[in-house]
Amino acid sequence: MVSVNGDTHSPSSYGARLADHYDAIYGGVFDTDGAVDLLSTLAGGGRVLEFGVGTGRIALPLAERSLDVWGIDGSPDMLERLRAKSGGDNVTTVCGDFATATAEGTFDLVLLLVNTIYAMPSQDDQVSCFANAARHLAPGGRFVVEAWVPDPPRGNGLGLRARRLGRGFAGLVIEDHDASRQILSTTQIVIAEGGETRSFPVVHRYAWPAELDLMARLNGMTLDDRWADWHCRPFDASSTDHISVWRAA
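Residues numbered from 1 in each chain as written. Predicted model: local features only at pLDDT ≥ 70, side-chain atom pairs only at ≥ 80, totals over all residues. Heavy atoms only, no water.

Caption draft 1: Here's a closer look at helix H3 (residues 32-43). Compared with an ideal rise of 1.5 Å per residue, which puts 12 residues at 16 Å, H3 spans 16 Å between its outermost C-alpha atoms and is within 8% of the ideal. The buried fraction of H3 amounts to 9 of the 12 residues, a majority that puts the element mostly inside the structure. Along H3, the residues classified as buried are Thr-32, Gly-34, Ala-35, Val-36, Leu-38, Leu-39, Ser-40, Leu-42 and Ala-43. On its buried side, H3 packs onto strand E3 (47-51), helix H4 (59-64), strand E6 (107-112), strand E7 (137-148), strand E12 (221-227) and strand E13 (241-248). Measuring from the backbone nitrogen of Gly-34 back to the side-chain oxygen at the start of H3 gives 3.0 Å, which picks out Asp-31 as the cap. (Helix = DSSP H or I, 4+ residues; strand = E, 2+ residues; numbered from the N terminus. Expected span 1.5 Å × (residues − 1). Buried < 20%, exposed > 50% of the residue type's maximum accessible area, 1.4 Å probe, protein only. Contact = heavy atoms within 4.5 Å. Polar contact = N/O pair within 3.5 Å; in protein donor to acceptor, adjacent residues only side chain to side chain.)

And the structure:
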């Protein structure tokens, strides 16, 4: 649960606002095929656990490849949407905080994608999330995080930017930056082609890749690979996103 400036935003409330329209709003925005191809290779036929599984964008196609896929999410609405989809019964789900919730057994691959590590409200919470990933990994298993490289607005002023969304939708993001805490408090406005609008808060506690590496080391994991995208393009100073893979001892 995130509390910023007196406002509280939980995963369940986020899911209640967006679950019914999430797939349409973000349809085609992410490189799902590239992600599924690389993740299935990394899984090597083993078990997969996704933190923040949502409506199953990644989990469902991984399960279609005969992998044993589990997912944890804090939104019962999102999980209900996942289970209602074709193949939804092939993904075992747990409703709870992925920084603390437990899935049965150990896994060869634990996933936390699409900037969801930044949904944790503090550095301590992010370290706890890494710890939970480590607890679930089999020896030699991998923890995969997908996130943007921080490039926050200068100072503590408000920022405004457009956001790419699915076909038929346009997005605006109003950003309030607290540099001292590395927090971006945003209001995301979604405009449908018919003129309907909806808005919802999203709070990010961002972290640089080197900071995430330290969180992994604190939990017995070492960096295995880091790429700029799901096609394994090299990560360098110009990269705006990263796919980071840490391996358990």
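Read on for the rest.
Caption draft 2: Spotlight on the sheet that holds E12. Taken in spatial order, the 7 strands line up as E5-E4-E3-E6-E7-E13-E12 in an open sheet, and their pairing is mixed. For this open sheet the edge positions go to strand E5 (91-95) and E12, each flanked by a neighbour on one side alone. With direction set aside, neighbouring strand axes in the sheet form an average angle of 20 degrees. The pairing of strand E4 (residues 68-73) with E5 spans 5 bridges and is parallel. Across the sheet, Gly-71 pairs through a bridge with Thr-93, a residue of E5. (Pairing = 2+ DSSP bridges. Axes fitted to C-alpha atoms, helices over the stretch in contact; angles between N-to-C directions.)

Caption draft 3: Spotlight on unusual backbone geometry. Despite not being glycine, Ser-66 has its phi angle at roughly 65 degrees, a positive value. Here Ser-66 lies in the loop between H4 and E4. In the Ramachandran plot, Cys-232 falls in the positive-phi region, its phi being about 65 degrees despite a non-glycine side chain. Along the chain, Cys-232 turns up in the loop between E12 and E13. For Cys-232, a relative accessible area of 34% gives the class partly exposed.

Caption draft 4: Structural detail: the packing of helix H6 (residues 123-136) against helix H7 (residues 209-218). Running from amino to carboxyl end, H6 crosses H7 at an angle of 55 degrees, the nearest separation of the two axes being 9 Å. In terms of orientation, H6 and H7 fall into the oblique class. Relative to H7, the crossing made by H6 is right-handed. On H7, the residues that touch Gln-123, Gln-126, Val-127 and Phe-130 of H6 are Glu-211, Leu-212, Met-215 and Ala-216. Along the lines of polarity and charge, the residues of the contact of H6 with H7 split into 5 nonpolar, 2 polar and 1 charged. (Parallel < 35°, antiparallel > 145°, perpendicular 65-115°, else oblique. Left-handed = near helix turned anticlockwise from the far one by under 90°. Nonpolar A, V, L, I, M, F, W, Y, C, P; charged D, E, K, R; others polar.)

Caption draft 5: Examining the nonpolar core more closely. Core analysis: the largest hydrophobic core is formed by 32 residues, its most contacted members being Phe-51, Ile-117, Phe-130 and Phe-143. Secondary-structure elements contributing two or more residues to this core are E3, E4, E6, H6, E7, H7 and E13. It is E7 that contributes the most residues to this core, 5 residues altogether. In terms of nonpolar packing, the next biggest core, distinct from the first, is built from 26 residues, Leu-42, Ala-43, Leu-79 and Val-91 among them. (Core = buried A, V, L, I, M, F, W, Y, C linked by side-chain atoms within 4.5 Å.)

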